[in-house]
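# Examining the three-dimensional arrangement
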Amino acid sequence: QDPNSVEGRWLLAKVAVDMGEAPRAEKEIRKAMELGLSRASGELILVKALLLQGDFDRLLQESSTLPPNISKSDQAAILGLRGQAYIGKGQLDLAQQTLDQAVQIEPASLPALLGMTMLSGSKRQYDVARQWVEKALKVDPASPDAWSVLGDLENAQGHLTEAEKAFDQAVKHRAIPYFEQLKRAQVRIQLKKYQEAAADIKTLRDAGLKNHPYVNYVAGLNDFAQKRYQKALAAFE
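Below, the structure is looked at part by part. (Residues numbered from 1 in each chain as written. Predicted model: local features only at pLDDT ≥ 70, side-chain atom pairs only at ≥ 80, totals over all residues. Heavy atoms only, no water.)

## Some thoughts on the overall build of the protein
- In terms of helices and strands, the protein carries 14 helices and zero strands.
- Written out in order from the N terminus, the α and β elements of the protein read α-α-α-α-α-α-α-α-α-α-α-α-α-α.
- Whereas a compact globule of 237 residues would reach a radius of gyration of roughly 18 Å, the protein reaches 19 Å, a difference of no more than 12%.
- Counting the 237 residues in the protein, one finds 42% classified as buried.
- Sequence separation of 24 or more characterises 48% of the internal contacts of the protein that already satisfy a separation of 6 or more.
- With the model as given, the accessible surface of the protein reaches about 12,600 Å², and the carbon-plus-sulfur share is 50%.
- The protein carries 31 positive and 30 negative side-chain charges, and their two centres are separated by 4 Å. (Helix = DSSP H or I, 4+ residues; strand = E, 2+ residues; numbered from the N terminus. Rg over C-alpha atoms; globule rule 2.2 N^0.38 Å. Buried < 20%, exposed > 50% of the residue type's maximum accessible area, 1.4 Å probe, protein only. Contact = heavy atoms within 4.5 Å. Areas by Shrake-Rupley, 256 points an atom, 1.4 Å probe, with all protein chains shown as cover. Lys, Arg positive; Asp, Glu negative; His and termini not counted. Charge placed at Lys NZ, Arg CZ, Asp CG, Glu CD.)

Listed below in structure tokens is the structure:
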């Protein structure tokens with residue numbers, strides 16, 4: 001009823017982030033800012049939207065200077081997301097500096113704790129990574145991001161059953177868990193749970209992702225593991 005509703009645009013952006021619709025989230029939060037939302041109130045959602053798009057350079061540029069009136073929790077969260085962007089760019093020293101700063105500002109910041117988990121995991125410091133992700137799950141036991149990171153950690157260590165359980169929790173708590181379903185399907189293939197993996201793949205195809213390269217890649221892995229080579233070849237192609 002009111003296209004210029006600042007609160008409406010802000011809420012749309014929050015919902016879009018939670019659903020993984022990053023381009024729409026960015027569009028809505030930028031519109032809200034144009035309509036008068038303070039940068040301090042919109043910056044965290046914008047940074048989340050850019051991270052979801054994998055646009056690390058724009059994320060780092062947009063958040064290079066933070067509003068002076070931003071809350072400590074949002075400041076720590078944004079620094080945590082900046083740290084994750086540095087990890088994505090392979091700049092681990094900058095990631096460490098940024099994440100250390102985030103944890104000092106807010107020790108219970110979920111993005112900072114997850115960033116620390118990812119950083120330790122990338123260095124194969126798995127015991128340290130586990131300590132960080134356990135702290136994250138204490139902060140928010142229903143965090144799909146924390147469960148997903150734990151699944152990655154278990155998978156990297158070859159703990160396939162534990163990885164599947166972690167991805168189960170991520171799927172349970174994520175509004176649209178497409179990525180976790182694919183990662184769970186890959187783990188299930190390694191566990192020789194081919195029917196369960198096929199069920200994950202079918203869910204994604206039914207959701208309109210039948211032509212997505214990652215979906216077809218995992219489908220090819222499932223067929224290949226069962227020696228259905230022609231189907232695997234078609235999926236990989």
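## Let's talk about the environment of Pro144
- On the secondary structure map, Pro144 appears in helix H9 (residues 144–156).
- Since its relative accessible area comes to 16%, Pro144 is described here as buried.
- Put simply, Pro144 and Pro23 are 121 residues apart on the chain and 20 Å apart in space, counted from C-alpha to C-alpha.
- Setting aside chain neighbours within four positions, we find Pro144 in contact with Ala170, His173 and Arg174.

## What about the nonpolar core?
- Of all hydrophobic cores here, the largest spans 47 residues; its most connected members are Ile29, Leu59, Leu114, Ala136, Trp147 and Leu150.
- With eight residues, the top contributor of residues to this core is helix H3 (residues 39–52).
- Discounting residues that sit within four places of it in the chain, Ile29 has contacts with Trp10, Ala13, Leu37, Gly42, Ile45 and Leu46.
- Leu182, Ala185, Ile201 and Ala219 belong to the second largest nonpolar core, which has nine residues in total. (Core = buried A, V, L, I, M, F, W, Y, C linked by side-chain atoms within 4.5 Å.)

## Concerning a nonpolar patch on the surface
- A cluster of nonpolar side chains, Tyr217, Phe224, Tyr229 and Phe236, forms an exposed patch at the surface whose accessible area comes to about 440 Å².
- Elements with a minimum of two residues in the nonpolar patch: helix H13 (213–225) and helix H14 (229–236).
- Take Tyr217: it is sitting in helix H13. (Patch = residues over 30% accessible without salt bridge, like charges linked within 9 Å, V, L, I, M, F, W, Y side chains within 5 Å. Salt bridge = Lys/Arg side-chain N within 4 Å of Asp/Glu carboxyl O.)

## Looking at the pattern of salt bridges
- All chains considered together, the criterion is met by 20 salt bridges.
- Between Glu26 and Arg30 there is a salt bridge, and its shortest N-O distance comes to 3.0 Å. With Glu26 and Arg30 both in helix H2 (residues 22–34) and four residues apart, the pair spans about one turn of that helix.
- A relative accessible area of 27% places Arg30 in the partly exposed class.
- Where Lys193 meets Glu164, a salt bridge forms, and the shortest distance between an N and an O atom there is 2.9 Å. Of this pair, Lys193 sits in the loop between helix H11 (178–190) and helix H12 (194–209) while Glu164 sits in helix H10 (residues 160–173), and the two are 29 residues apart along the sequence.
- Take Glu164: its relative accessible area is 7%, and that puts it in the buried class.

## Describing helix H7 (residues 110–122)
- The first and last C-alpha atoms of H7 sit 18 Å apart over 13 residues, in line with the 18 Å expected at 1.5 Å per residue.
- With 10 of 13 residues buried, H7 is to be regarded as a mostly interior element.
- Within the sequence span of H7, burial applies to Leu110, Pro111, Ala112, Leu113, Leu114, Gly115, Met116, Thr117, Leu119 and Ser120.
- Close packing links the buried residues of H7 with helix H5 (72–88), helix H6 (92–105), helix H8 (126–139) and H9.
- At the exit of H7 stands Arg124, carrying a positive phi of roughly 60°. (Expected span 1.5 Å × (residues − 1).)

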